[in-house]
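Overview (structure and organization)
Residues per chain are reported as follows:
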Amino acid sequence: MKKEILIIFRRAAAAAAVWLAAAWVTAGAAGLTAYGAESADSSVIESLSVTLKSQYGEPGEILEPEITVGTADCSIVDYQYRTEYERWKPGRKVRVEITLEAEEGKVFPTSINKSKCKITGADFVSAKALDGDKFQVRVDYKPVTVLGSPSQAGWSSSDRTRAVWKSVEFAPGYSLVLYGDGKVVKRLTMEQATADLSAFMRDEEKTYYYEVKAVPLTSDDKKYFKDGEVVTSTEQEYDWEEMGSRTSDGGDIKGDNYILPDGSKAVSTWKKIFDHWYYFDQNGAMSKGWTAIDGFWYYMDGNGVMKNGWVNPSGDSWYYLSEGGAMLTGWIQPSPNSWYYTDSAGVMQRGWADIAGKRYYLGTDGKMCTGWNRIDGAWYYFYSDGSMAVNTAVEGWTIAGDGTAPERP
């Protein structure tokens, strides 16, 4: 009997040992499985680093950026620009879609947020997985350029103290240095391709010239533009007798005439009196209202003072006059990033306008629209040059042939 009990005990102990061994094997397998899962997680690419390095070419040239990925576990397989190259402008954003592919044994997550997707040289938009093993990073890049050089730098035929030069494409403004007999007289910056230098050209014994170059004006401009090269103007001798008609010469206004010290009337000439310009016609009469002089239109108020900037003489039509008073036509930019269009008669346009084969929308204040705009209940997209987008897709929204988008972006 004791022998049988001993045998039963030994069998139970063996069974327990087998069960314990099985439990250890199971636990070991579970541990291995957990380790394997942890190892699989380490194959996920959790962060990215992408750089868009701006490239500078010849003056006025806009180049594509150099795009690189700083993450070792993936590479760039493609990139696309969503803005046509012909529409690129310095400082105006261009959407870029960069496609990445993971190395063997690595995978991308569904998406990566901004904090883990470091973008250098552009602005982060999104980072998400595509079909298959591809991943797309979307950014907004702003092109850069070296500004070109002004040409035909010289002097106005109707005003020999007014510097004029041909404008430079994309130029926010200009820097000018006036010289008298080789020495610096005055340094100026301006937005327009002209400058009135009469206040600084006072010495009849000196020969004047100036140097001018296209430059960025603001700190933001300097991110996207580099200075153009300096251009030297033709020389201008200061003839007191010839130029005196636009400076103080001892004469005075009497009625609507300008009487010189010898008692004669000043005719067909400009006079600057107390910092205001006046024009006296061929009969010596002070001009008022609209006046055509040397092929340009000027506007003098009821006191004969020449006006500049925006004027609305009739109360229903706006005109823009340059710093020198001449009426401007076509596209004008009174201030940075603000474009207006005036017709051949100089009248500022509003609403829809067809110009040079393209369609534009000029707001109630005449300012050219860009980007998405809701007009008369419909959405439209206008490129950075103001032209309306048609038969295309912008930011994922389909645009019809008439320029309307079916839904609000």
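No experiment lies behind these values; they were computed from the predicted model shown.

A word on the sheet that holds strand β30 (residues 371–375). Strand pairing within a sheet occurs via backbone hydrogen bonds; the two strands may be parallel or antiparallel. Spatially, three strands are ordered β30-β31-β34 in an open sheet, and the strand pairing comes out antiparallel. In this open sheet, the two edge strands, each paired with only one partner strand, are β30 and β34 (404–405). Pairing of strand β31 (residues 378–382) with β34, which is carried by two bridges, proceeds in the antiparallel orientation. Counterpart to tyrosine 380 in the pairing with β34 is threonine 404.

To continue, consider the sheet that holds strand β1 (residues 48–53). The mixed open sheet is built from three strands, whose spatial order is β2-β1-β5. Two strands in the sheet have a free side with no partner beyond their single neighbour: β2 (66–69) and β5 (117–120). Ignoring which end each strand starts from, the neighbouring axes of this sheet average 10° apart. Pairing of β1 with β5 involves four bridges; the strand directions are parallel. Residue pairing for β5: serine 49 is matched across the bridge by lysine 118.

Our next topic: the layout of surface pockets. The calculated volume of the second largest pocket comes to roughly 660 Å³. Taken together, 28 residues line the second largest pocket, and the ones lying closest to its centre are Thr83, Lys93, Tyr381, Val394 and Glu395. Of the residues in the lining of the second largest pocket, the class split is seven nonpolar, eight polar and 13 charged.

Core analysis: the biggest nonpolar cluster contains 47 residues, and Leu48, Leu52, Val137, Trp165, Tyr174, Leu176 and Tyr210 have the highest contact counts within it. With five residues, the single largest contributor to this core is strand β4 (residues 94–102).

Bringing the packing of aromatic side chains into the picture now. Within the structure shown, the criterion is met by 24 aromatic pairs. Here tryptophan 165 and tyrosine 174 contribute two aromatic rings whose centre-to-centre distance is 5.5 Å and whose plane-to-plane angle is 70°, an arrangement assigned as edge-to-face. The two residues tryptophan 165 and tyrosine 174 agree in class, both being buried. On the numbers, 4.9 Å between centres and 10° between planes, the contact of tyrosine 179 with tyrosine 209 is stacked. Of this pair, tyrosine 179 sits in strand β11 (residues 173–180) while tyrosine 209 sits in strand β14 (residues 207–215), and the two are 30 residues apart along the sequence. Take tyrosine 179 and tyrosine 209: they sit in the same class, and that class is buried. An aromatic cluster is present here, built from Tyr79, Tyr81, Tyr85 and Trp88 joined pairwise through their rings. If you follow arginine 87 out to its NZ or CZ, it ends over the ring of tyrosine 383, 3.6 Å from the centre.

This paragraph deals with the state of the cysteines. Simply put, the disulfide is a covalent bond whose two ends are the sulfur atoms of two cysteines. Under the criterion given, the structure shown has zero disulfides. A disulfide-free cysteine, cysteine 74 has its sulfur positioned 9.7 Å from the sulfur of cysteine 117, the nearest such atom. Residue cysteine 74 is classed as buried on the basis of its relative accessible area of 6%. Cysteine 117 sits in the buried class, given a relative accessible area of 2%.

Time to look at the pairing of strand β21 (residues 276–280). A regular strand places its side chains on the two faces of the sheet in alternate fashion. By the criterion of burial, β21 is predominantly enclosed, with four of the five residues buried. Judged from the five bridges that link them, strand β20 (residues 269–273) and β21 form a sheet pairing that is antiparallel. By the bridge assignment, threonine 269 is partnered in β21 with phenylalanine 280. Here β20 folds back onto β21, and the loop between the two strands holds two residues, one of which, phenylalanine 274, carries a positive phi near 50°.

Counting through the fold element by element, tryptophan 397 comes out in strand β33 (residues 397–399). For the pair tryptophan 397 and glutamate 407, spaced ten residues apart in the sequence, the C-alpha separation amounts to 7.8 Å.

In total, this model carries 14 salt bridges according to the counting rule given. Across the pair glutamate 84 and arginine 87 runs a salt bridge, and its minimum N-O distance is 3.8 Å. Using a relative accessible area of 19% as the deciding quantity, one classes arginine 87 as buried. Each of Glu84, Arg87, Lys358 and Asp385 takes part in one network of salt bridges that share partners.

In this section: the side chain of serine 198. By the element assignment, serine 198 lies in the loop between β13 (194–196) and β14. Within polar-contact distance, the side chain of serine 198 engages the side chain of aspartate 196 at 2.9 Å. Discounting residues that sit within four places of it in the chain, serine 198 has contacts with Thr161, Lys272 and Trp277.

What follows concerns the confidence of the model for the protein chain. On average, the protein chain scores 86 in pLDDT, and the residues at 70 or more come to 86%. Residue range residues 12–40 is modelled with pLDDT below 50. Its contacts to residues more than four positions away, or to other chains, number zero contacts.

Basis of the calculations
- Residues numbered from 1 in each chain as written.
- Predicted model: local features only at pLDDT ≥ 70, side-chain atom pairs only at ≥ 80, totals over all residues.
- Heavy atoms only, no water.
- Pairing = 2+ DSSP bridges.
- Helix = DSSP H or I, 4+ residues; strand = E, 2+ residues; numbered from the N terminus.
- Axes fitted to C-alpha atoms, helices over the stretch in contact; angles between N-to-C directions.
- 1 Å grid on protein atoms, 1.4 Å probe; cavity = no way out; pocket = protein on both sides within 12 Å on 5 of 7 lines; lining within 4 Å.
- Points joined across faces, edges and corners; volume = space filled by probe spheres on them.
- Nonpolar A, V, L, I, M, F, W, Y, C, P; charged D, E, K, R; others polar.
- Core = buried A, V, L, I, M, F, W, Y, C linked by side-chain atoms within 4.5 Å.
- Buried < 20%, exposed > 50% of the residue type's maximum accessible area, 1.4 Å probe, protein only.
- Phe/Tyr/Trp six-rings, centres within 6.5 Å; stacked < 30°, edge-to-face > 60°.
- Lys NZ or Arg CZ within 6 Å of the ring centre and 35° of its normal.
- Disulfide = S-S within 2.5 Å.
- Salt bridge = Lys/Arg side-chain N within 4 Å of Asp/Glu carboxyl O.
- Polar contact = N/O pair within 3.5 Å; in protein donor to acceptor, adjacent residues only side chain to side chain.
- Contact = heavy atoms within 4.5 Å.
- pLDDT = per-residue confidence, 0-100.

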